[in-house]
Amino acid sequence: MNTLRRCTNCVIPETHETITFDRKGVCNICLQQEVKASIDWSKKKEEFDALIASCRGRGDYDCIVPFSGGKDSTWTLYYLVREYGLRPLVVRFDHGFLRPNLLENSRRTLRLLGADLHSFTPNWKIVQKLMLQSFLEKGDFCWHCHTGIFAYPMWAAIRFQIPLVIWGEPSAEYTAYYCYGQEEEVDEKRFNRYINLGITAEDMLVRLEGQVDPRDLQPFSYPPLKELRKINCRSVCMGSYIPWDVKRQSKIIEDDLGWTGDEVENVPTGYSYEKIECYLQGVRDYIKYIKRGYTRPAHLASIDIRNGRLTRPEAMALVEQYEGKRPPSLDLFLEHLGLTEEEFLEVSMSHGVSPYRHDPCTVKEGTKTHDFLQWPKYGKMPRNETLQQLERWRRRNRVDKKLAAGA
Amino acid sequence: MLKKRLIPKLQMKKSRFGNRMVLVTTVRFDEVMEIGDPVSQAKIYQAQAADELVFLDLDASVENREPVTDYIRRAAEELFMPLTAGGGVKTPDHFRMLLENGADKVSINTAAVENPELITRAYEAFGAQCVVVAIDYRQDADGREKVWIRGGRTGTGLDPAEWAEKAERLGAGEILLTSIDRDGTREGLDLETTRRVADAVTIPVITSGGCGLACHFSEGFLTGKADAVSAGTYFCFKDENPMQTRSQIRNAGIPIRIQT
Amino acid sequence: MIGIVDYGMGNLMSVRNALEYIGAEAKVCCEPGELAGADLLVLPGVGAFGDCMRNLRHRNFVAALDEMVIGSGIPILGICLGMQAMAKRSFEGGEHEGLGWLDADVVRIRPAGREYRVPHIGWNDVTFEGNNPLFADLPADPVFYFVHSYHVQCRNSGDLAATCDYGGTVTAAVRKGNIFGTQFHPEKSQDQGLRILENFVRQGGQC
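Remember, predicted model here, so these are calculated numbers, not experimental data.

Rules used throughout
Residues numbered from 1 in each chain as written. Chains lettered and ligands numbered in written order. Predicted model: local features only at pLDDT ≥ 70, side-chain atom pairs only at ≥ 80, totals over all residues. Heavy atoms only, no water. Helix = DSSP H or I, 4+ residues; strand = E, 2+ residues; numbered from the N terminus. Rg over C-alpha atoms; globule rule 2.2 N^0.38 Å. Buried < 20%, exposed > 50% of the residue type's maximum accessible area, 1.4 Å probe, protein only. Areas by Shrake-Rupley, 256 points an atom, 1.4 Å probe, with all protein chains shown as cover. Lys, Arg positive; Asp, Glu negative; His and termini not counted. Charge placed at Lys NZ, Arg CZ, Asp CG, Glu CD. Axes fitted to C-alpha atoms, helices over the stretch in contact; angles between N-to-C directions. Parallel < 35°, antiparallel > 145°, perpendicular 65-115°, else oblique. Left-handed = near helix turned anticlockwise from the far one by under 90°. Contact = heavy atoms within 4.5 Å. Nonpolar A, V, L, I, M, F, W, Y, C, P; charged D, E, K, R; others polar. Arc of directions from axis to C-beta. Buried area = accessible area lost by both parts, 1.4 Å probe. Salt bridge = Lys/Arg side-chain N within 4 Å of Asp/Glu carboxyl O. Polar contact = N/O pair within 3.5 Å; in protein donor to acceptor, adjacent residues only side chain to side chain. Pairing = 2+ DSSP bridges.

**Q** Explain the overall build of chain C residue by residue, including any values.
**A** Each helix and strand in chain C was counted, giving five helices and 14 strands. Taken over the C-alpha trace, chain C has a radius of gyration of 16 Å; the compact-globule value for 207 residues is 17 Å, and the two agree within 12%. Seen along its three principal axes, the alpha-carbon backbone of chain C occupies a region of about 45 × 40 × 30 Å. Residues classed as buried in chain C amount to 59% of the 207 residues present. Total accessible area on chain C stands at roughly 7500 Å², and carbon and sulfur atoms take up 45% of it. One finds the centroid of the 17 positive side-chain charges in chain C at a distance of 5 Å from the centroid of its 24 negative side-chain charges.

**Q** An account of the packing of helix α3 (residues 71-84) of chain A against helix α10 (residues 246-257) of chain A is requested, with residue identities and associated values reported.
**A** Two numbers describe a pair of packed helices, the interaxial angle and the distance between the axes. Residues and elements named next belong to chain A. Axis separation between α3 and α10 bottoms out at 10 Å; the angle between their running directions is 65°. Classified by the angle their axes make, α3 and α10 are roughly perpendicular. Considering how the two elements wind past one another, α3 and α10 form a crossing that is left-handed. Note on element contacts: α10 touches α3 through Val 246, Gln 249, Ser 250, Ile 252, Ile 253, Asp 256 and Leu 257, opposite Lys 71, Asp 72, Thr 74, Trp 75, Tyr 78 and Arg 82. For the contact of α3 with α10, the residue count by class is six nonpolar, three polar and four charged.

**Q** I'd like to hear about helix α4 (residues 92-100) of chain B, residue by residue, with values.
**A** In an α-helix there are 3.6 residues to a turn, and that puts residues three or four apart on one side. Residues and elements named next belong to chain B. For α4, every residue scored as buried is listed here: Pro 92, His 94, Phe 95, Leu 98 and Leu 99. The buried residues of α4 occupy one face: seen down the axis, they fall within an arc of 155°. Across from the buried face of α4, at angles greater than 90 degrees, the exposed residues are Asp 93 and Glu 100. Where α4 is buried, its residues meet α3 (70-78), β5 (83-86), β6 (105-108), α6 (117-126) and β7 (131-139). Once α4 finishes, Gly 102 follows within two positions and takes phi at roughly 125°, a positive value.

**Q** Quick one: what's the story with unusual backbone geometry, residue by residue and with numbers?
**A** Note the cis peptide between Val 118 of chain C and Pro 119 of chain C, where omega equals 10°. Residue placement: Pro 119 of chain C occurs in the loop between β7 (104-108) and β8 (120-125). Positive phi values are uncommon outside glycine, yet Asn 64 of chain B reaches one of about 55°. Mapped onto the secondary structure, Asn 64 of chain B falls in the loop between α2 (60-63) and α3. A relative accessible area of 56% places Asn 64 of chain B in the exposed class. Its identity is not glycine, yet Asn 60 of chain C carries a phi of approximately 60°, on the positive side.

**Q** Can you tell me about the interface of chain B and chain A, naming the residues and giving the values?
**A** Residue-level contacts link 37 residues of chain B with 40 residues of chain A. For the pair chain B and chain A, the summed buried area comes to about 3500 Å², and 45% of that belongs to carbon and sulfur atoms. Across the contact surface, chain B and chain A share three salt bridges. Here Lys 43 of chain B ties to Glu 188 of chain A by a salt bridge, and the two come within 3.1 Å at their closest N and O atoms. Counting across the interface, chain B meets chain A through 18 residue pairs in polar contact (both at pLDDT 80 or more). Examining the composition of the side of chain B that touches chain A, we find that six residues originate from one element, helix α10 (residues 242-251) of chain B, more than from any other.

**Q** Account for the environment of Val 107 of chain C, with residues named and values stated.
**A** Residues and elements named next belong to chain C. Checked against the element boundaries, Val 107 lands in strand β7. With 18 residues separating them in the primary sequence, Val 107 and Arg 89 have C-alpha atoms 9.0 Å apart. Once residues lying within four places of it in the same chain are set aside, the contact partners of Val 107 are Phe 91, Ser 149, Tyr 150, His 151 and Gln 153.

**Q** Tell me about the environment of Leu 98 of chain B, and please be specific about residues and values.
**A** All names here are of chain B. Take Leu 98: it is sitting in helix α4. Residue class for Leu 98 comes out buried when judged on its relative accessible area of 1%. For the pair formed by Leu 98 and Thr 84, sequence separation is 14 residues and the distance between their alpha carbons is 9.1 Å. In contact with Leu 98, other than residues within four places in its own chain, are Pro 67, Val 68, Thr 69, Tyr 71, Ile 72, Ala 85, Val 89, Ala 103 and Val 106.

**Q** Please give an account of the sheet that holds strand β11 (residues 150-154) of chain C that cites residues and values.
**A** Within a beta sheet, neighbouring strands are joined by backbone hydrogen bonds and run either parallel or antiparallel to one another. All names here are of chain C. Across the sheet, four strands lie side by side as β6-β5-β7-β11; this open sheet has mixed pairing. Since the sheet does not close on itself, it has two edges, and those belong to β6 (96-97) and β11, each with one partner. The pairing of strand β5 (residues 89-90) with β7 spans two bridges and is classified as parallel. Paired with Arg 89 across the bridge in β7 is Asp 105.

As structure tokens, then:
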């Protein structure tokens, strides 16, 4: 039986990536909110004003806004265009799983605000290999997405000679990789710190043992510091200068832009603004549950506890009701990567984070979302290619299987 | 207060898929698997606030060649953290070469056993703090730990704690202890031998071989009495990184650097 | 321009790389003449005190440094052995004479307790004087990387700029006018270390 130690204020457990607890058992992420409250936001706003003034009008575009169409990037774009009247280049890295509602939101937003969109979609066959390799070796299939989203706009900055890239929320909202009050430059250090799962494109090339061409991985590699320094590139989070409040921001873009949220597999109602971009989000959350014994409901409820919108017992009730469910999108995931469900569990469970030990028998079936049938099933990975990568992983992890099964 | 240290171990070999040095993981000094580029991985560890890095050229002794310096020079251009380099180091000139190219400490293993005077000469030329004596050991048929050299290929009959003590007397500044039996197995560190070696010397001891869970690191510090724990495989195949691991070590009450 | 004194000892590449990383112009100088025109000086050092002074004399650096630092007041940062060299004398491997800029001796650290191993290797908390410009914009409890067996014992407490605890008080940094020194390695102490170097670079032209 797994009883995880949880924060005495929110409900995030000890298996969270960067959590520490103080003497009262309160976690460092909750404590960070106090730092957030103590920041002189008017001074920060002045810094932001100065930064924008230094880049405005200098080139073809005033800045780059990396964009997914989700609530954060939509809010960032909205604020920069409406408050500052900026002329941004909107850069979207299409990971391959964008949902219909999200695409509608994006088109509507861009029509209402008015901005150029530069979108890039990487080669699906390469993406499949990257998804499988990172799933096997890190228990997280989103390597291509994490790296592409953060590296590709930097290449765009160099190509279009734009010295300012403005992102949305700062890491300190949910993790302790950076703290509020600390300067968070969205740079190669941050990329290496936690974005790329500890693997760069160069490392991925080595791990794929010659299966891909180095050129295939360029969109996922971070540009050299030398090149970024040539254009004096700054890459910042708007949330470091303007206090981040997800619920308030979502309401504004809903009202002003007609932005709409969506159902997400295994997420409580009332959080329809969260993570609506990717149709494999349910699988992502499910893998986290298998590894760490908690997932999106705990995360969302904890944010609401910190913002005073939910009590801890209410949060735990949500956790009990919504966590531990198998997402229907798993069927698609297995097709995309040519895996069986047994293999999926074998791999996921090998990445368990102690002290949590997953028991597949406790998992219930989750419900499909309204657009499930629209998600594309074609482009299945050939089984022999899947096996090539799977066998390499198995060779190395014979020992780990024993550990996961027995101890 | 001095913190305990977390030191990723970067083992290098020539790739089977091209003429370059790559990072590898091993299991019991065998079953090599290629996992990345040395400088790329080193930068990642720096971003994740690892305390130090150890680079080991696994081929140099076997190929009987000079240590290479290319990787350490490239690493030192972008890394501002302590770097130890080892593998095939046989003479004080090799020390000088690696130190001049960016290493802060140099590790000697086979050469230290075959030519113990090297320890003293290096100590006299560069200071004890530059001299790390690496000790690899495995259990023999009688269940006793014995030191092995040449990448675990040649037995010496030496006891690791006795050899560590002698190395200190000769001028070593630090010991890097590795259990060959546990290397890459993720079954946990050999706490007993670590403790024996830590008790036998007054210089810092880095222990390695077998980390598979965050608590293994904590055990290495608390029960093994090690000053530092090094891991070559632990961070390579899991969604764990030094920043996560140090939180867990901190939660176990051990003083470790938490600064971001 | 920052002149890095190359007397054959010390991790010069790391110091130069770190200074260049923070955007400063640094030059490795293997003879005194090359130091001309430097606004700031850095004296690194790794190894034994006796060799350090021997090499500095052999390369004719002593007189040049006296002139620039004591005579002309050019700011200098001594790192590790480089800081120790600024003392009057050292007792490492016998008794050796230092540059004599600080009224201090270099003695072996003698921590109280067997659990404190020597050399002192690793990251340790540093407590510094609040108004020391070298520590500007750093949190109250920064952590830096130490690797040494000897430390500088200042007779004049005004020269002591920072300390750390290692079974007793160990000198972590000194300051006397334009003379700065750190026992720890800022070029090896990641972000907080780079901040120390940035702060030192700001001293150029201000002393």
